[in-house]
Amino acid sequence: MVTNTSGKKKTAVARATVREGEGRVRINSQPVELVEPELSRLKMLEPFRIAGDDLRDQVDIDVTVNGGGFSGQADAVRTAIARGLVEHLKDAELREAYMDFDRSLLVNDVRQSEPKKWGGPGARARYQKSYR
C-alpha cells in the first residue's frame, strides 16, 4: 500500500510517499544521510526516534521538498514523514506519542512572516523621526 502525505512550514512544502520497504528514506532523490546541515537531518529523522528505529526498517519514504530555507524545509519534511507513518500504519498509539512529543509533528505550523509596509524598514518598525 502507498500513502501520500504533505507537510508545510513557512513557504516550504514537503510531499512524502510511504510504502513497504527496507528502510530507505530519500529527500529529493538523495539519501537522508547525505542531507546537510546535520541539525536539519536530525530534525527530519525525529519521527523515527519517537516511533523506534525498528519501524524505519519496514517502510521506504520518498520526500520531495521545495520552497523556503533549510530549517523550514526540515520542519516540513518532519511533518510529512510523521503524518505518512501514522496514516500508513493506522496506529493510534503512534499518533498519541507524536502529539505528546510535539503537536507540530502532525499539524502544519501556519505562521507566515508579515509583509513589509511603507514608512519603515520592516513590517512594524518605523523610520526614526527627527524633531530638529
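Residues numbered from 1 in each chain as written. Predicted model: local features only at pLDDT ≥ 70, side-chain atom pairs only at ≥ 80, totals over all residues. Heavy atoms only, no water.

Note the cut-off: UniProt positions are given in the numbering used here, feature names are shortened, and annotations may be inferred rather than shown by experiment.
The name an unreviewed UniProt entry assigns to the protein is Small ribosomal subunit protein uS9, from the organism Natronocalculus amylovorans. Its UniProt record gives the protein the following Sequence similarities (unreviewed entry) comment, quoted word for word: "Belongs to the universal ribosomal protein uS9 family."

**Regarding the environment of E46**
Heads up, the condition is: Strands are runs of DSSP state E lasting at least two residues, helices are runs of H or I lasting at least four, and both sets are numbered from the N terminus onward. We call two residues in contact whenever any of their non-hydrogen atoms come within 4.5 Å of each other.
In this structure, E46 sits in helix α2 (residues 46-51). On a C-alpha basis, the gap between E46 and V107 in space is 15 Å, while along the polypeptide they are 61 residues apart. Not counting residues up to four positions away in its chain, the partners in contact with E46 are R78 and F101.

**Notes on the sheet that holds strand β2 (residues 12-20)**
Filter applied, for reference: Paired strands, as defined in this entry, are two strands with at least two bridges between them according to DSSP. Lines fitted to the C-alpha atoms define the axes, with helices restricted to the stretch that makes contact. Angles between their N-to-C directions range from 0 to 180 degrees.
Sheet architecture is open: five strands sit in the order β1-β2-β5-β3-β4, paired in mixed fashion. Strands at the two margins of the open sheet, each flanked by one partner only, are β1 (3-9) and β4 (30-31). Where strand β3 (residues 25-27) lies against β4, two bridges are found, and the strand directions are antiparallel. Bridge pairing links I27 to Q30 in β4. Its contacts with the sheet place helix α4 (residues 70-89) against β1, β2, β3 and β5 (59-66), and it is angled at close to 150 degrees to β1.

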